[in-house]
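Reading the structure
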Amino acid sequence: MGRIGYARVSSNSQDYQGQVDALKAAGCERIYSEKMSGKSTNGRRQFEKLMKDLLPGETVVVAKLDRLARSSRDLHNIIHELDGLGCGFLSLGESWCDTTTSHGRLMLTIMGGIAEFERELIRKRCEEGIERAKAKGVTFGRKRKLNKEMVRVAAERYAKGETMAELAEVYGVSEPTIWRTLQPETAAAA
């Protein structure tokens, strides 16, 4: 069936006419265009309209991949959705990205595998870095509002009958903060 174009620029100061011209030259019968951030497909009304208007057998065409998706995960999700609708995908700027050919589907599968492999390497490096930092004594998360001495004194005061509400007011923190802080101390005292 036919080719359906999608053109997008991120801001009002940019112009998508060059993309529209390329899509027309590629034989697109209808073109959906918008000026909207590509961070997410949410809120991209023309993209949502395109997806609703697609008929099985049609192919979505973009001038460049980054006009459709910001990450390989986004691209994979969109292509998966198009596949579910019985539609193809073609990027004019990246000739390898064409789900209407067996070679294009192979390249997308390989690129998806590489992206997944890269994400796994990044995750592993992050975990190793966190472990090294922990071994050096680096603590993660927000700085504690109460130091060890304050916690010790608060635990003693709580054991003597002061309420968590009173302690929270004295230390300028919330009751849940006092409760969480006293858990180890309360359990040790019991």
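Scoring rules and cut-offs
Residues numbered from 1 in each chain as written. Predicted model: local features only at pLDDT ≥ 70, side-chain atom pairs only at ≥ 80, totals over all residues. Heavy atoms only, no water. Helix = DSSP H or I, 4+ residues; strand = E, 2+ residues; numbered from the N terminus. Rg over C-alpha atoms; globule rule 2.2 N^0.38 Å. Buried < 20%, exposed > 50% of the residue type's maximum accessible area, 1.4 Å probe, protein only. Pairing = 2+ DSSP bridges. Right-handed = clockwise from strand over helix to strand, strands pointing away. Axes fitted to C-alpha atoms, helices over the stretch in contact; angles between N-to-C directions. Left-handed = near helix turned anticlockwise from the far one by under 90°. Contact = heavy atoms within 4.5 Å. Nonpolar A, V, L, I, M, F, W, Y, C, P; charged D, E, K, R; others polar. Patch = residues over 30% accessible without salt bridge, like charges linked within 9 Å, V, L, I, M, F, W, Y side chains within 5 Å. Areas by Shrake-Rupley, 256 points an atom, 1.4 Å probe, with all protein chains shown as cover. Salt bridge = Lys/Arg side-chain N within 4 Å of Asp/Glu carboxyl O.

Let us now look at the overall build of the protein chain. Within the protein chain, the regular secondary structure consists of seven helices and four strands. Its helices and strands taken in sequence order, the protein chain reads β-α-β-α-β-α-β-α-α-α-α from the N to the C terminus. Taken against the 2.2 N^0.38 rule, which gives 16 Å for 190 residues, the C-alpha radius of gyration of the protein chain at 28 Å runs more than 25% over that of a compact globule. Projected onto its principal axes, the C-alpha coordinates of the protein chain cover approximately 80 × 35 × 30 Å.

Burial along strand S4 (residues 88-91) is two-sided: Gly-88 and Leu-90 and Phe-89 and Ser-91, pointing in opposite directions, are all buried. In terms of strand pairing, strand S3 (residues 59-62) meets S4 through four bridges, oriented parallel. When the bridges of S4 are listed, Val-62 appears paired with Ser-91. Taken together, S3, helix H3 (residues 72-84) and S4 constitute a β-α-β crossover, and its handedness is right-handed.

With their axes 10 Å apart at the nearest point, helix H5 (residues 148-159) and helix H6 (residues 164-171) run at an angle of 150° to one another. The element H5 and its partner H6 pack so that their crossing is right-handed. Listed contacts from H6 to Met-150, Val-153, Ala-154, Arg-157 and Tyr-158 of H5 are Met-164, Leu-167, Val-170 and Tyr-171. Of the residues contributing to the contact of H5 with H6, the split by class is eight nonpolar, no polar and one charged.

With that settled, the discussion passes to a nonpolar patch on the surface. On the surface, Leu-106, Met-107, Ile-110, Met-111 and Ile-114 cluster together into a nonpolar patch covering about 420 Å² of accessible area. On the secondary structure map, Met-111 appears in helix H4 (residues 102-135). Residue Met-111 is classed as partly exposed on the basis of its relative accessible area of 37%.

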